[in-house]
Every structure is written in C-alpha cells, then in structure tokens.
Amino acid sequence: MHLSDPSASIYIAGHRGMVGSAIWSALESAGYENIFGRTSSELDLRNQADTHAFFEAQQPDYVVVAAARVGGILANDQYPADFLYDNLAIEANVLRAAQQHGVKRLVFLGSTCIYPKHAPQPMPEDSLLTGPLEPTNQWYAVAKIAGHKLCQAFHRQHGSDMVTLMPTNLYGPNDNFDLETSHVLPALLRKFHEAKGAAPDGSDASVTLWGSGTPKREFLYSHDLADAVRFVLETREDDLREAAYEGMLNVGVGKDLSINELAATIQDVVGHDGPIEHDPSKPDGTPRKLVDTTRMDELGWSAKTSLHDGIQKTYDWYREHEDEWVAA
Ligand SMILES: NC(=O)c1ccc[n+]([C@@H]2O[C@H](COP(=O)([O-])OP(=O)(O)OC[C@H]3O[C@@H](n4cnc5c(N)ncnc54)[C@H](OP(=O)(O)O)[C@@H]3O)[C@@H](O)[C@H]2O)c1
Ligand SMILES: C[C@@H]1O[C@H](OP(=O)(O)OP(=O)(O)OC[C@H]2O[C@@H](n3cnc4c(=O)[nH]c(N)nc43)[C@H](O)[C@@H]2O)[C@@H](O)[C@H](O)[C@@H]1O
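Note that the coordinates shown come from a computational prediction; the quantities given were computed from them, not determined experimentally.

Undergrad: Would you mind going over the overall build of the protein chain with me for this structure?
TA: If you tally the helices and strands in the protein chain, you get 11 helices and 13 strands. Its C-alpha radius of gyration of 20 Å places the protein chain within 12% of the 20 Å reference for a compact globule of 328 residues. Along the longest, intermediate and shortest principal axes, the C-alpha atoms of the protein chain span 65 × 40 × 40 Å. Residues classed as buried in the protein chain amount to 54% of the 328 residues present. In the protein chain, the proportion of contacts linking residues at least 24 apart, taken out of those at least 6 apart, comes to 81%. Working note: accessible area of the protein chain is about 13,800 Å², and carbon and sulfur atoms make up 48% of it.

Undergrad: I keep staring at the site of ligand 1 and nothing clicks. Help me out?
TA: Neighbouring ligand 1 are 26 residues, the closest being Val19, Ser40, Asp44, Tyr140 and Lys144. Between ligand 1 and serine 40 there is a distance of 2.6 Å, counted from an oxygen atom to a side-chain nitrogen or oxygen. Side-chain polar atom of tyrosine 140 to an oxygen atom of ligand 1: 2.4 Å apart, as the coordinates give it. Those elements that place two or more of their residues in the shell around ligand 1 are α1 (18-29), α5 (138-158) and β6 (169-171). Here the shell around ligand 1 is built from residues that sort into 13 nonpolar, nine polar and four charged.

Undergrad: Hey, could you run me through the site of ligand 2 in this one?
TA: Close contacts around ligand 2 come from 23 residues, with Ile73, Lys191, Arg217, Pro283 and Asp284 the closest. One of the backbone nitrogen or oxygen atoms of isoleucine 73 is found 2.8 Å away from an oxygen atom of ligand 2. In this structure, serine 111 approaches ligand 2 through a side-chain N or O atom, which is 3.0 Å from an oxygen atom. Across the complex, the protein chains shield 98% of the 710 Å² of accessible surface that ligand 2 would expose by itself. At four residues, the largest contribution of residues to the shell around ligand 2 is made by helix α6 (residues 184-195).

Undergrad: I would appreciate a short explanation of unusual backbone geometry in the present structure.
TA: For residues other than glycine, phi is negative in most cases, and the peptide bonds are mostly trans. In this chain, glutamine 121 is followed by proline 122 through a cis amide linkage whose omega measures -5°. Looking at the element boundaries, proline 122 is found in the loop between β4 (105-109) and α5. The residue leucine 129 is not glycine, and still its phi comes out positive at about 60°. Within the fold, leucine 129 resides in the loop between β4 and α5.

Undergrad: Would you take a moment to explain the environment of leucine 3 for this structure?
TA: Following the sequence through the fold, leucine 3 ends up in the segment before β1 (9-13). Leucine 3 sits in the buried class, given a relative accessible area of 1%. In this structure, the C-alpha to C-alpha distance between leucine 3 and valine 207, residues 204 residues apart in sequence, is 46 Å. Beyond its immediate stretch of four places on either side in the chain, leucine 3 contacts Ala8, Ile10, Leu27, Tyr32, Tyr62, Leu233 and Glu234.

Undergrad: Sorry, what's going on with helix α7 (residues 222-233) here?
TA: What sets the pattern is the α-helix's 3.6 residues per turn: residues three or four places apart point alike. End to end, α7 covers 17 Å across 12 residues, agreeing with the expected 16 Å (1.5 Å per residue, within 8%). The buried fraction of α7 is high, at 10 of 12 residues. Considered for burial, the residues of α7 that qualify are Ser222, Asp224, Leu225, Ala226, Ala228, Val229, Arg230, Phe231, Val232 and Leu233.

Undergrad: Help me out: how do you make sense of the packing of aromatic side chains in this one?
TA: Note on aromatic pairs: each is described by the distance of the centres and the angle between the planes. All chains considered together, the criterion is met by 10 aromatic pairs. With a centroid separation of 5.8 Å and 85° between ring planes, the pair formed by tyrosine 11 and phenylalanine 55 is classed as edge-to-face. Separated by 44 residues along the polypeptide, tyrosine 11 in strand β1 and phenylalanine 55 in helix α2 (residues 48-58) bring together distant segments of the chain. Look at tyrosine 11 and you get buried, because its relative accessible area is 0%. Between tyrosine 171 and tyrosine 221, the ring centres sit 5.6 Å apart and the planes meet at 50°, which makes this aromatic pair tilted.

Undergrad: So what exactly am I meant to see when it comes to the pairing of strand β7 (residues 207-210) here?
TA: Remark: a regular strand shows side chains that alternate across the two faces of the sheet. Covered by surrounding structure in β7 are Val207 and Leu209 only, the residues Thr208 and Trp210 on the alternate face being uncovered. Pairing of β7 with strand β12 (residues 276-279) involves four bridges; the strand directions are parallel. Residue pairing across strands places valine 207 opposite isoleucine 276, the latter belonging to β12.

Undergrad: Help me out: how do you make sense of the sheet that holds strand β10 (residues 248-251) in this one?
TA: Picture the strands of a sheet paired through backbone hydrogen bonds; they go either parallel or antiparallel. The parallel open sheet is built from six strands, whose spatial order is β2-β1-β3-β4-β5-β10. The open sheet terminates on both sides in strands that have one partner only, identified here as β2 (34-36) and β10. Going across the sheet, the axis of each strand differs from the next one's by a mean of 20°, ignoring polarity. In terms of strand pairing, β1 meets strand β3 (residues 62-65) through four bridges, oriented parallel. In the sheet register, isoleucine 12 faces β3, and the bridge partner there is valine 64. Against the sheet, α5 makes contact with β4, β5 (162-167) and β10, and its axis sits at roughly 160° relative to β4, the strand it touches most.

Rules used throughout
Residues numbered from 1 in each chain as written. Chains lettered and ligands numbered in written order. Predicted model: local features only at pLDDT ≥ 70, side-chain atom pairs only at ≥ 80, totals over all residues. Heavy atoms only, no water. Helix = DSSP H or I, 4+ residues; strand = E, 2+ residues; numbered from the N terminus. Rg over C-alpha atoms; globule rule 2.2 N^0.38 Å. Buried < 20%, exposed > 50% of the residue type's maximum accessible area, 1.4 Å probe, protein only. Contact = heavy atoms within 4.5 Å. Areas by Shrake-Rupley, 256 points an atom, 1.4 Å probe, with all protein chains shown as cover. Near = heavy atom within 4 Å. Polar contact = N/O pair within 3.5 Å; in protein donor to acceptor, adjacent residues only side chain to side chain. Nonpolar A, V, L, I, M, F, W, Y, C, P; charged D, E, K, R; others polar. Expected span 1.5 Å × (residues − 1). Phe/Tyr/Trp six-rings, centres within 6.5 Å; stacked < 30°, edge-to-face > 60°. Pairing = 2+ DSSP bridges. Axes fitted to C-alpha atoms, helices over the stretch in contact; angles between N-to-C directions.

Geometric descriptors of this kind do not, in isolation, establish any biological role.
Pasting the structure below:
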C-alpha cells in the first residue's frame, strides 16, 4: 500500500550511509514524522534472530533497504565472499521479517551491475538474466539479483508489496572517500583535491586514474535517488505495478560519460590543472552501464541535479569532512 500518512512508521535500513541518510532527509522534508534506523553495531542485519526481534518490537509500516556491503570495483573484486554473503544475509533477513510482519510496502535497492556485461545500451529492465555478468562485481550482482527475486517471490506467493529500484552509480554527501574501497567519483574528487599544489615546485601534482579511462558510467546524485524512493513509496500500487516490469524500476539520469570525461569535470570543479596518468594494472570493469529510464519517465519522475552541481555539492561536503578521511 502506498505511503501517504505523515505519521506512518518508516524504517530505513542503512540510514547512516550515503543513500540511507539522503532518503531520511527526503522523507523528513516531505513531512514524514516517524522515521527510524539502527546502525550496524546496534543491529547487525546479517543476524536473523536479531532482525526478526527488531521487526517484532518496532512493527514498521514501511521499509527501505539501503543497508548493504557496498564498494568500488577493487573492493568488489577483492572481497567476493563479503559482497555475496553479507548482501544475501541482509536481504534474506530483512525481506522475510518485513513479509512476516505485514509491512505495507518495502523498497529494495539493487544496482545496475545486475545487468549483463554486454547488455544493450541503454539497459532496459527486461535485459536482466539475458547474459553473463561483469566478473569484477559478479558476487555483488548475484546477491542483488537474489534480493530482487526475493521481493518478486514474496509478492507473487504472499502478496507482499515489495519493489526493487535499480539505481545507476551514485555519489553525494556521506560517500566513502577511502582510496582503496571507494567508487570512482569520490576517489577522483579526493585525488584531485589532494594533488592541488602538491608538486615539489608548488604546481598541481599528477593524478592517476585506474584502468584506461575509456569505460562509460552514468552518475546519479544521492539526493535525486532519495527523491525517487519517496516518489515510489507514494505511488499507488496499481500505477506502480503497471510501470514496474516484474516489480523493478531503473533509476538514472539518461546520460553517461567516460571516466576520462568525468575526470575533466572533477578537475574543473576542484580547480586542478595538473597532468593525468593511467594505471593499466587496475581493472576497467564493464565497458558501459547506461540505464533505460523509460518506465520512471512514464511514471512522472526524473532526476534534477546536473552532474556539475552534484559534484560541487559533494566536493563542498568533502572539504568540510576532509579530516575524517585523511586521519582514517
Ligand atoms: N553507492 C553506489 O554507487 C550505489 C549504486 C547503486 C546502488 N547502490 C545501493 O544503495 C544502497 C546504499 O548504498 P550506499 O552507497 O549508501 O552504501 P553505504 O554508504 O556504504 O551505506 C551502507 C549502509 O549499510 C549499513 N550496513 C552494512 N552492513 C550492515 C549490516 N550487516 N547490518 C546493518 N547495517 C549494515 C551500514 O551501516 P553502518 O553505517 O551503521 O555501519 C551503512 O550505513 C545499497 O543497497 C547499494 O547496493 C549504491
Ligand atoms: C555502482 C557500483 O559500481 C561498481 O562498478 P564500477 O562502476 O566499475 O566501479 P567504480 O569503482 O566506480 O569504477 C568505475 C570505473 O572508474 C575507474 N577508475 C579510475 N580511477 C579510479 C579510482 O581511483 N577509483 C575507482 N574506484 N575507480 C577508478 C575504474 O577502473 C572503472 O573503470 C561495482 O563494482 C559495484 O558493485 C557497484 O555496482
């Protein structure tokens, strides 16, 4: 059942993360008064008994699943067991508890890496499971496909109102700026920022991009995704089911750019004027990952923040929190 009552209780799993924190602020700004979350140290969602006890005690009306083991291309490749096991466990426990406790609607967040490595571009929802996955993030992708299938199965067998959003690559405040485990956008923001004036002669030092720089990606600002989550929570079930192929909707901006072009945009925001190098020993990953947003367009939602503005806002946030990352 769609969300409309301002006093409805809304549990955001992963509320401290980049996406969860943006969803919290979108729902709060829209007037919802009863939002709650738990950190992973307060409630480890991999623990089935604890997760069920939490749902029993809290009885949330609505649930957004933004809790997950998340990371960039290298972290996905280096920690396959964590990315597969943690995500499977979190999804299985939260979705089952939501079904058993009669949650009115659950929004599950997948990722566009669930689509085949060589899916047609832009990638429509029905390209799911039509070809082999990109090897670097296959573990995470398999877990996210399972999470989506679980939503679909609970809907089919028990009538649970569960829907999966497949967001493209995201960025924004509260992102991970660790240079080993982060995604490309926060990594490059930090690298260009730290390279400013860092050459021995005081000019801007060079920055090294992983891989060839030719893969193309699409970037959605986290607060735009948060607005899409609010929009989907508030959409009537008939409209949602009519639009969402097998209970799934892509969320993106409809435009992509190469990693080299992204680097140039970030250089511009940060004010870096030094050379750029490439490290071919690092993986490129999937060559292109642009989502087909026709279904969300038809439902009446589109992203509002330009890439330049989103990067500027993220850079402003990073500069305020730089000490936390440099000290880490
Ligand atoms: N970032 C992207 O580019 C991207 C793209 C597409 C889809 N997504 C999806 O969006 C969602 C949120 O991603 P994000 O970028 O916001 O990640 P994030 O910043 O790393 O946040 C993930 C959150 O999950 C929580 N969490 C992790 N393991 C947990 C556990 N065992 N028990 C309870 N909570 C746990 C963490 O809680 P604590 O902070 O309390 O430890 C954290 O707040 C994920 O489902 C992800 O797959 C992200
Ligand atoms: C949205 C996420 O996308 C992830 O795929 P994916 O876009 O390749 O992940 P990213 O780590 O964002 O990398 C995107 C592209 O940027 C290149 N790149 C260049 N410089 C850097 C750098 O300094 N750091 C990083 N991290 N990349 C860099 C990287 O080689 C790759 O071609 C998946 O592994 C996740 O599972 C998830 O789906």
